[in-house]
Amino acid sequence: MSGPTVTTQAPLRAGVVGLGWAGDQHMRGYAAAPEVELVAMAGMESDKLEELGEQYGVAGRYANLESMLADADLDVVSIATPTALHAPMTITALDHGVHVLTEKPMAENVDSARAMVAAARRNNRVLEVTFNKRRAPEVTALAQLVADGVLGTIYYAKAGWVRRQGIPGIGSWFTQRAMAGGGALMDIGIHALDMALHVMGEPVPSAVSGATYAEFGPRGRGGARGAGSHKWSAEPVGSPESFEVEDLGTAFVRMDGGATLLLEASWAQWIEEDSLYLSVYGTDGGAQLHLPAGQGQESELIVHTDVKDMPAVITPTLGPAGDHVDCVRDFVLAVRSGEWDQHGGAVGLTRAEIVDACYASARQGSEVVIG
Ligand SMILES: NC(=O)c1ccc[n+]([C@@H]2O[C@H](COP(=O)([O-])OP(=O)(O)OC[C@H]3O[C@@H](n4cnc5c(N)ncnc54)[C@H](O)[C@@H]3O)[C@@H](O)[C@H]2O)c1
C-alpha cells in the first residue's frame, strides 16, 4: 500500500480485535476519543460480540481480523488478543494500510517485535504499544520532575510488580510459552520496566543479568483468586504440567552512561500484599512511587531532596487519573499528526529487547550484552 489513508479531518474509522478485558479498554478509549468512530470489533466469542457491540453501538461485528479488515474500511485498529497474535495481526493490518495500537507486551519475542517495526516502516504507518500504567498521575508527575532536573542525574532505579497470589489462570494462554512468550516478566514486569525507563528519560540499555523461577505454577499454586478487574479464573483451569513460563523473574539492567535498574516481577510470592512500585535515585533527590496493585491500596509519590542542606520531602500536586483512554487518545493524535515515522514502535521494541535479554541471561547464567 502507498500513500496516507488519512488526508482530511474526517472521523477516523476504528476497529478493535480481542473482546477480553484489554479489548474493552480500547473500545472505551475510542468511544471517548473525539473525531473517531468505533465502527468494528472482532473476536471469537459470539456472546461478547453481541454484548460489546450493543454497549458501544457498533454494528460491524466479525469473527476475525481478516474479515474486519476486508469489510470495515478501517483507518486504525487496536490489537488486544493473546500475545503471540500481536505480531501476525499487526503486520496484517499494517500491510493493509491501517495504523496499529497493540497491547503490551509488544510480542512474544524480540524477533516478532522487530518484524512489526519493519512492517510499520515499510508501510509508513503508526505502530504504538499500550503502556497504560505510566499514565497514572504519579508517574507523569515524577517523569516531569526528572525531566526538569529536580532530582539531578538519575543513576539508579528499582521497579517491580509482585503479587501474593496472582497467576492469571494456570493452564490458560498466559502460562503457555508459545502464546505468551514468557510469564510474569512479560505480563506485569513489562509495566514496571516501562515506568522505570519512561521516568529515567529513556536511557539506552547495554547489558542485562537476569534469572527466572517457576516455583508456584508447576505445583498448581499461586493462581489468582477472588474478583478482579481482569478475567482471571478463580481456580486453576489447567494442569500444573501445562505451566511453561516463569512465575518470578528478576533482572539487573545496565544503561549506557552507567545508570542501572533492578527489576522484579512475580505473579506469586510470599509477601503480605501485592506491590507495584518504582524508586529512583538521583544526584539531587530521589523518589518512591507506589501504584494500587491490590484491593484498597492507594497511590503514593514521595520525593526526597535537600533544601539548603536540610532534608525535605515534596508531595507533588497531581493531575487527573490516566489509563487506556489516554493511550488511545495519544495514538489517535499521532495518526492525526502525520508524523508517522516518529511513532514506529521503537518504545515497545526497546522493552522487548530488554525482556529478551533477561530470558537469554537466565538461560545461560551470565550477563547478556544488548545491541
Ligand atoms: N495493558 C493492560 O493493562 C493489559 C491488561 C490485560 C491484558 N493485556 C494484554 O492484552 C492482551 C489480551 O489480554 P486479555 O486479558 O484481554 O485476553 P483474553 O484472553 O481475555 O481475550 C483475548 C481475546 O482475543 C480473542 N482472540 C483470540 N484469538 C483470536 C483470533 N485468532 N482472532 C480473533 N480474536 C481472537 C478472543 O476471542 C478474546 O476475545 C494480552 O496481550 C495481554 O497481555 C493488557
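It should be noted that the structure appears before, not after, this text.
The structure reproduced in this document is the subject of the present report. (Residues numbered from 1 in each chain as written. Predicted model: local features only at pLDDT ≥ 70, side-chain atom pairs only at ≥ 80, totals over all residues. Heavy atoms only, no water.)

**Some words on the site of the ligand**
Next up, step 1: Around the ligand sit 27 residues, and of these Leu 19, Glu 45, His 86, Glu 103 and Asn 132 come closest.
Next up, step 2: At a separation of 3.1 Å, an oxygen atom of the ligand approaches a polar side-chain atom of Thr 83.
Next up, step 3: In this structure, Asn 132 approaches the ligand through a side-chain N or O atom, which is 2.7 Å from a nitrogen atom.
Next up, step 4: Taken by itself the ligand offers 850 Å² of open surface, and the protein chains cover 89% of this.
Next up, step 5: Within the shell around the ligand, the residues separate by chemical class into 13 nonpolar, 10 polar and four charged.
Next up, step 6: Domain assignment of the residues forming the shell around the ligand places at least three in each of domain 1 (12-132 + 329-338) and domain 2 (134-322 + 360-369). (Near = heavy atom within 4 Å. Polar contact = N/O pair within 3.5 Å; in protein donor to acceptor, adjacent residues only side chain to side chain. Areas by Shrake-Rupley, 256 points an atom, 1.4 Å probe, with all protein chains shown as cover. Nonpolar A, V, L, I, M, F, W, Y, C, P; charged D, E, K, R; others polar. Domains from an automatic or database assignment.)

**Quick notes on the sheet that holds strand E1 (residues 12-17)**
Next up, step 1: Strands sit in the order E3-E2-E1-E4-E5-E6 across an open sheet of six strands; the sheet is parallel. Taken across any chain shown, the strands that pair with only one partner, and hence form the sheet edges, are strand E3 (60-62) and strand E6 (127-129). On average, each strand axis in the sheet is tilted by 20° relative to the strand beside it, whichever way the strands run.
Next up, step 2: Across three bridges, strand E5 (residues 99-102) lies against E6 in parallel orientation. Looking at the pairing, Val 100 lines up with Leu 127 of E6. (Pairing = 2+ DSSP bridges. Helix = DSSP H or I, 4+ residues; strand = E, 2+ residues; numbered from the N terminus. Axes fitted to C-alpha atoms, helices over the stretch in contact; angles between N-to-C directions.)

**Quick notes on helix H1 (residues 21-32)**
Next up, step 1: Between its first and last C-alpha, H1 extends 17 Å over 12 residues, near the 16 Å set by a 1.5 Å rise per residue.
Next up, step 2: Considered for burial, the residues of H1 that qualify are Ala 22, Gly 23, Gln 25, His 26, Met 27, Gly 29 and Tyr 30.
Next up, step 3: Buried residues belonging to H1 abut E1, strand E2 (36-42), helix H2 (46-56), strand E4 (76-79), E5 and helix H9 (324-337). (Expected span 1.5 Å × (residues − 1). Buried < 20%, exposed > 50% of the residue type's maximum accessible area, 1.4 Å probe, protein only. Contact = heavy atoms within 4.5 Å.)

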